[in-house]
Amino acid sequence: MIDIEINKALALAIGWEHIGLSALKEDAVCVRDVDGWWHTFDYRDWNVIGPIAEKYNCFPKHINSMWEIAHYGEIYRADTPQRAIAMAVIQGVRK
């Protein structure tokens, strides 16, 4: 998956319903809150992915130059900790 696809899938997986493309940041999406305000959503931003990691208890470990998470009985590996968290949550919520 490319970054914008991960952002869309992650936003949908955690419950955001109103999603649009972001003109502010490449590969990010916008999500609209209940008050109608739009916010940039980008899993690569620790302010976005950090609370998600905490909520879903997804904390990767650095193993052999990759980031790895054992979550929902599966192992997810990625080149960045943010991507590992995003992929684990996307796949875990889908199950």
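In case you missed it, the structure is sitting above this.
Quick summary incoming for the structure in this document.

## Considering the pairing of strand 2 (residues 29–32)
Logical step 1: Sheet topology places strand 1 (residues 19–21) next to strand 2; three bridges connect them, and they run antiparallel. The partner of Gly20 across the bridge, within strand 2, is Cys30.
Logical step 2: Both strand 2 and strand 3 (residues 38–41) contribute to a ladder of four bridges, which runs antiparallel. Note that in strand 3 the partner of Arg32 across the bridge is Trp38.
Logical step 3: Between strand 2 and strand 3, which pair antiparallel one after the other, the connecting turn spans five residues, and Gly36 there sits at a positive phi close to 90°.

## What to know about helix 2 (residues 46–55)
Logical step 1: For helix 2, the full list of buried residues reads Val48, Ile49, Ile52 and Ala53. The arc that holds every buried residue of helix 2, seen down its axis, measures 120°, which confines them to one face. Counted as exposed and oriented over 90 degrees from the buried face of helix 2: Asn47, Glu54 and Lys55.
Logical step 2: Among the residues of helix 2, the N-terminal cap falls to Asp45, whose side-chain oxygen and the backbone nitrogen of Asn47 are separated by 2.8 Å.

## A word on the nonpolar core
Logical step 1: Within the largest apolar cluster, 25 residues are counted, with the highest numbers of intra-cluster contacts made by Leu10, Phe41, Ile49, Ile52, Cys58, Ile85 and Val89.
Logical step 2: For this core, the elements supplying multiple residues, two or more each, are helix 1 (3–13), strand 2, helix 2, strand 6 (74–78) and helix 3 (81–94).
Logical step 3: Each residue touching Ile49, except ones within four places of it in the same chain, is listed here: Leu10, Tyr43, Gln82, Ile85 and Ala86.

## Things to note about the sheet that holds strand 4 (residues 61–63)
Logical step 1: Spatial ordering of the open sheet is given by 4-5-6, a layout of three strands whose pairing is antiparallel. Of all strands in the sheet, those with a lone pairing partner are strand 4 and strand 6, marking the two edges. Along the sheet, successive strands turn relative to each other by an average axial angle of 35°, direction set aside.
Logical step 2: Pairing analysis gives five bridges linking strand 5 (residues 66–71) to strand 6, with the strands arranged antiparallel.

## What about the sheet that holds strand 1?
Logical step 1: Strand order in the open sheet made by the three strands is 1-2-3, with antiparallel pairing throughout. This sheet does not close on itself; its edge strands, each paired only once, are strand 1 and strand 3. With direction set aside, neighbouring strand axes in the sheet form an average angle of 35°.
Logical step 2: Relative to the sheet, helix 1 contacts strand 1, strand 2 and strand 3, its axis offset from that of strand 1 by approximately 165°.

Rules used in this analysis
- By convention here, each chain's residues receive numbers from 1 onward along its written sequence.
- Only residues with pLDDT of at least 70 are given local features in this predicted model, and only at 80 or more are side-chain atom pairs given and counted; all residues enter the totals for whole chains, interfaces and linings.
- With hydrogens and water excluded, all non-hydrogen atoms of the structure serve as input to the side-chain values.
- For two strands to pair, DSSP has to find at least two bridges joining them.
- Helix numbering and strand numbering both begin at the N terminus, where a helix is a DSSP run of H or I of at least 4 residues and a strand a DSSP run of E of at least 2.
- Each residue gets one of three labels from its accessible area relative to the maximum for its type: buried under 20%, exposed over 50%, partly exposed in between, using a 1.4 Å probe on protein chains only.
- Starting at the helix axis, one direction is taken to each C-beta atom, and the arc is that of these directions.
- Polar contacts here mean pairs of N or O atoms no more than 3.5 Å apart (in protein, one a potential hydrogen donor and the other a potential acceptor; neighbouring residues in sequence count only if both atoms are side-chain atoms).
- Joining through side-chain atoms within 4.5 Å is the link that ties buried Ala, Val, Leu, Ile, Met, Phe, Trp, Tyr and Cys residues into a set, and such a set is a nonpolar core.
- Contact between two residues is taken to exist if any of their heavy atoms lie within 4.5 Å; hydrogens are not considered.
- Fitting a line to C-alpha atoms yields each axis, with helices limited to the stretch in contact; the angle taken between N-to-C directions then spans 0 to 180 degrees.

Keep in mind these values describe shape, not function.
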